[in-house]
Amino acid sequence: MGSKEPNIVKDKAKAISLSPSKDYTPPTTSRDTGHVIVKKDQSKIQTPWYRKLCNYCYNRDQKTLCGRPTSSWLYIIAYSIIYFLFLCTYTMIFLYATLTIIKMKGDYHLVDKAELLTYAQHGIGLSATPCDVNNLPLIWYKDRDAKDYQKYVKAIDDLLSDNRRKRHANQSDLGPCGQQPYGYGEKPCIIIRINKQLGWSVKPIDENSVNIKDVPVQLKQLLKTDKRKLILNCDGYHKYDKEHIGKIAYFPDPPGFDASIFPLDIEKSSPLIAIQISDFTLGLSIAVECKLYYDGGTSSVQFVIYVTPNNTNV
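Residues numbered from 1 in each chain as written. Predicted model: local features only at pLDDT ≥ 70, side-chain atom pairs only at ≥ 80, totals over all residues. Heavy atoms only, no water.

Peer 1: Please clarify how the sheet that holds strand β12 (residues 297-308) should be interpreted in this entry.
Peer 2: Picture the strands of a sheet paired through backbone hydrogen bonds; they go either parallel or antiparallel. One open sheet holds the five strands; their spatial order is β5-β12-β11-β7-β9, and the pairing between them is mixed. Unpaired on one side and paired on the other, β5 (138-142) and β9 (256-258) mark the two borders of the sheet. Shown here is a sheet whose adjacent strand axes are inclined to one another by a mean of 20°, direction ignored. With six bridges connecting them, strand β7 (residues 229-236) and strand β11 (residues 286-294) associate as antiparallel partners. Residue pairing for β11: N233 is matched across the bridge by K291. (Pairing = 2+ DSSP bridges. Helix = DSSP H or I, 4+ residues; strand = E, 2+ residues; numbered from the N terminus. Axes fitted to C-alpha atoms, helices over the stretch in contact; angles between N-to-C directions.)

Peer 1: Which parts of the structure should I look at to understand the pattern of salt bridges?
Peer 2: Charged atoms that come close allow side chains of opposite charge to pair. Here the structure, examined in full by the defined rule, presents four salt bridges. The partner of R144 in a salt bridge is D143, with the nearest N and O atoms 3.9 Å apart. Its relative accessible area of 12% is what places D143 among the buried residues. The salt bridge involving D279 is made with K247; its shortest N-O contact spans 4.0 Å. Linking D279 in the loop between β10 (272-278) and β11 with K247 in strand β8 (residues 247-251), this pair joins segments that are 32 residues apart in sequence. Grouping residues by exposure puts D279 and K247 together as exposed. (Salt bridge = Lys/Arg side-chain N within 4 Å of Asp/Glu carboxyl O. Buried < 20%, exposed > 50% of the residue type's maximum accessible area, 1.4 Å probe, protein only.)

Nothing here speaks to function; it is geometry throughout.
Structure, rendered in structure tokens:
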């Protein structure tokens, strides 16, 4: 009885070892008999994230880039190029057709683009030349130094040499400010003009205008003698500037724009008024403001004039 029990235990152990399971591999040779071969579960092995990223960017086994084969990427690139060329072509055709229609509707090439500005219903802008040199409202030069103020002379030259302006403006009305050197060296000139805006027109200011109270007393006397003009007046901006600005002469005089010429025709240029400043204090920055008075509002332009004394090194 005792001798049979060890045999039974061995038989049970052998039966358990030979029972089928997912980790059991049947022996293929006589040497494998009685041994258990265990396979590792491949699903439990985790791949590092950087390996996954590299495989996504380029999979050597499947020959793919970012999950797509090379041929697929070639199709996408070719489609993108064709689509981009289509958009560019469509945009250029649309712009060309639009500009062609605009040119057919009106002769816009005759209009000075810098003058076509938009303002409020009654307002209009003024320009002062040569104060816009270097895009700054400043006239700064050394007294009696022709080389130093030559850029301002050239700016007025460019304004008066406009072919359209020659046809429609009488430069003799500008007095000494109508010929070189335009007073520079002793009494500098500044040319004031109304910025061109198609369709703009106003009435001259009169005693019944709502803004008549804004007009200086000396100009109110002028309104009684000439009621057809849009009155222009220039003076120092602050009280300090008024004390050092000296004298201001206007060409033509009395200063003003004839209201009957507005609105301007597309081929006509804006009229000009020249102011000449003399006996001002050298070596001081003097702020000047020119105001245009008309019924319903005012327009203004400001600039600074600074003339360095000749005996000062700059």
